[in-house]
Every structure is written in structure tokens, then in C-alpha cells.
Amino acid sequence: MEKKYYHLLLMRKEDVIDLFKHGQYKVYCPQVEFDGDIAQAISNEQLAKKLLDKANSFDYSIEYYLAQVESKKKTLKEISIGEVAGIYALNQESFRIGLHLDPPIVVKIPIWEKAYDDFQLDRLIADAQKGVENVFKAFEMGKTVRLGRGFITKDDIETTLKCFYSGTRPRGKLSIWTYLLLYERHQNYPDDNRGFFLDALHAYGNYTKAAEIDASVVQGSKLGKHIYQDFDNKATFEQISYYIRSSKVVTGTDKIFKNFFTIAFLFLRLKKDFEAGLDANKLYYGVHINKLKDVLKQYGERELKHALYLLGLTLGWDLTYKYIYRISSYPILKKTQQ
């Protein structure tokens, strides 16, 4: 009996459709060889990682499928539809949507859903770090900041992005930076400097309670009440900062990381300014991005750098790469008129 070889291929949805339509497929996608026992392969995390490590980044699980191939060839250069023993979805969403072909293809339940989630989380972490690099390049800030020593750590970043990827809200004994990065405004705080201070105070309150609090800090905190009532919408950062610097809340956060409230205020303000991403054509506070550090130097270079680090993590690659492309001279890019 002629020997068979068993492979798992990570195929683009379009390639699966082409294989279906034409009956043949020239193999150029990531693949791994295995012993043919698909039941054992399900729990083989190393095999799954080996395959996914060969893959390029992609956004959605419905873009790719796993193909189980049984062939007489050890090295796969081309396969026929008759050699495909199974098509597997990458996760439950992909399985639910399926492939709509006639006659129908049987899409099987995911076998490596955890491996797929780990792959996407690793990609998310890498893209967040690229976001930091791009933001520092855009602002012409030189080297980034050192992690730890009270500032965010690699573990904090992973925890934060795990919450973001899974859609879960922060809860429990987590870093103050995790609570800050995942903070979302649900209260009707004013859209001025007071509001960003109240946001920072609310994020700190979430951290101290080890859970997200629903109540407004204007009602639930003396400091929040004073910020809201004692200043109007024209209050400057300096005025509010000077007022609150001796409060127990601010001195308490300084024990965690010096000038936390300045960093948090600036991060939240910049997060709002750049919620649509870095824009090379837009003026921010009257200047383009590469000149913005001069406008923001009032907050202190150290504080600005730490706020920009958090901003880079938040924007990631997706909301920063177009700006970097526009200020770069890559050969494939169309030259813009000056």
C-alpha cells in the first residue's frame, strides 16, 4: 500500500474557493506535516503554533480556514480537491458563518481556537509596540521610556490587551495603568480640562475599588466635586493642577508613580485628540504633529514621553501607520505635491 502523507494548511478563504472552483490549488500557504491523527492534533499546541508562526497578520477569522490534506506526496506543491479530507474553521464565528458554495462544503468545528486567539493576541501586542514606535517617531521624541519602576510593565500590557481582545472589563487587583488604558467615559463630564482631570480621577477610583465604578466622581469624590464646581470651562491645566497637587489622592498616586495625574490627564486628552489616528494634514493646537511637542512641553518632557507611550499602545499600528507612510519615502508610495 502506497504511503500517505498528512498535512494541515492555513488557506485564505479565496484560495479555498479557487480550489473548489478549479479542483486544483498550487500550495504557497503556511503548512505543517503531522501523523494523520486529527484527534491528537487537536491538543498539540506546538503543532498549532508552528503553523501559525508561519502566517502573516490578518484581521478576521473568516479570512482563513484550516485544510486537512492527505496526499501521496511528502512535499506539497499542488493539491486536488480529492486530497482534502476536511476544512476547519478557526473559531466559532467563522464556523457560524461558514462557506456558501454549491454544492455545499462541510466546514468542521474549530480544532485550534485557543491557538488562534493566542496568535491574534501576540499580533495585538506587537502592533501596540509598533504604535509606540510610530508615535515617538511622529512626535520626534527620540528614545521611548523605560518600563517598570512604577510605570507600566510588559505583564501589564499583556493583561490590558487580553482584556481588550476578549472584550472583558478590568476587575480585581490590576495595575493602575491597566485601569487607565481601559478607562471609558460614561459620565457626562465636561469636554474641557476639568473633564480630563475627572476622567483621570475616575480611572484612579476604578483602580482603588478594583472594579469599574458607575457613579460620577463629581458626586462620589470631594476632589471631583471641587474640580467641577470651583473651575469653569476656561480653566487651564496649570490652574487645576496647582489646586489639586496637595490633595491626598494626588500625593497617593505620586507614591505609585510621580506625576501620575499629569500623565493621565495628558494621555486622556491626546487620546481624544487622536481618536481617529495620526493625521498628517491636520493641525493640532495650531501646529502639525512633528511640532506638537513644543506646544506640550509645559507638561514636562518626562510626563509627555510617558503619556505618548500610553497613546502609542492605544493607537497601535492601525491608527499610526498611514502617518508614518506619509512622512516616509518608500519607493512604492506616490509622491505628494508640496
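Up top is the structure.
Residues numbered from 1 in each chain as written. Predicted model: local features only at pLDDT ≥ 70, side-chain atom pairs only at ≥ 80, totals over all residues. Heavy atoms only, no water.

(A) Spatial organisation of the overall build of the protein. What the protein contains, in helices and strands, is 16 helices and seven strands. Scaling as 2.2 N^0.38, a compact globule of 338 residues should have a C-alpha radius of gyration of about 20 Å, whereas the protein reaches 25 Å, well beyond that. Taken along its principal axes, the extent of the C-alpha atoms in the protein is 85 × 50 × 35 Å. Across the 338 residues of the protein, 46% fall into the buried class. Long-range contacts, defined here as pairs at least 24 residues apart, represent 67% of the contacts in the protein between residues at least 6 apart. As displayed, the protein has an accessible area near 19,100 Å², and 50% of this comes from carbon and sulfur atoms. Charge separation in the protein, taken as the distance between the mean sites of 50 positive and 43 negative side-chain charges, equals 5 Å. (Helix = DSSP H or I, 4+ residues; strand = E, 2+ residues; numbered from the N terminus. Rg over C-alpha atoms; globule rule 2.2 N^0.38 Å. Buried < 20%, exposed > 50% of the residue type's maximum accessible area, 1.4 Å probe, protein only. Contact = heavy atoms within 4.5 Å. Areas by Shrake-Rupley, 256 points an atom, 1.4 Å probe, with all protein chains shown as cover. Lys, Arg positive; Asp, Glu negative; His and termini not counted. Charge placed at Lys NZ, Arg CZ, Asp CG, Glu CD.)

(B) Fine view of helix 5 (residues 113-138). With 26 residues, helix 5 extends 37 Å between its outermost C-alpha atoms, agreeing within 8% with the 38 Å of an ideal straight helix rising 1.5 Å per residue. Phi turns positive, to about 55°, at Glu140, one or two residues after helix 5. (Expected span 1.5 Å × (residues − 1).)

(C) Just the nonpolar core, in detail. Formed by 64 residues in total, the largest nonpolar core has its most connected members in Phe139, Trp177, Leu180, Phe274, Leu308 and Tyr309. If you tally residues by element for this core, the top one is helix 13 (residues 260-273), at nine residues. Not counting the four nearest positions on each side in its chain, Trp177 is found in contact with Gly150, Phe151, Ile152, Phe257, Phe260, Ile263 and Leu310. In this structure, Leu47, Leu51, Leu52 and Trp112 belong to the second largest nonpolar core, which totals 21 residues. (Core = buried A, V, L, I, M, F, W, Y, C linked by side-chain atoms within 4.5 Å.)

(D) Up close: the environment of Leu51. With respect to the secondary-structure elements, Leu51 resides in helix 3 (residues 45-52). Sequence-wise, Leu51 and Glu33 are 18 residues apart; in three dimensions their C-alpha atoms are separated by 9.4 Å. If sequence neighbours within four positions are ignored, Leu51 has contacts with Leu8, Leu10, Pro30, Gln31, Val32, Leu66 and Trp112.

(E) Fine view of the packing of helix 5 against helix 15 (residues 301-315). Between helix 5 and helix 15, whose axes approach to 7 Å, the crossing angle comes to 130°. When the axes of helix 5 and helix 15 are compared, the pair comes out oblique. Regarding helix 5 and helix 15, the two cross each other, and that crossing is right-handed. Along its contact with helix 5, which presents Ala128, Gln129, Gly131, Val132, Val135 and Phe136, the element helix 15 presents Lys305, Leu308, Tyr309, Leu311, Gly312, Leu313 and Leu315. Classifying every residue of the contact of helix 5 with helix 15 gives nine nonpolar, three polar and one charged. (Axes fitted to C-alpha atoms, helices over the stretch in contact; angles between N-to-C directions. Parallel < 35°, antiparallel > 145°, perpendicular 65-115°, else oblique. Left-handed = near helix turned anticlockwise from the far one by under 90°. Nonpolar A, V, L, I, M, F, W, Y, C, P; charged D, E, K, R; others polar.)

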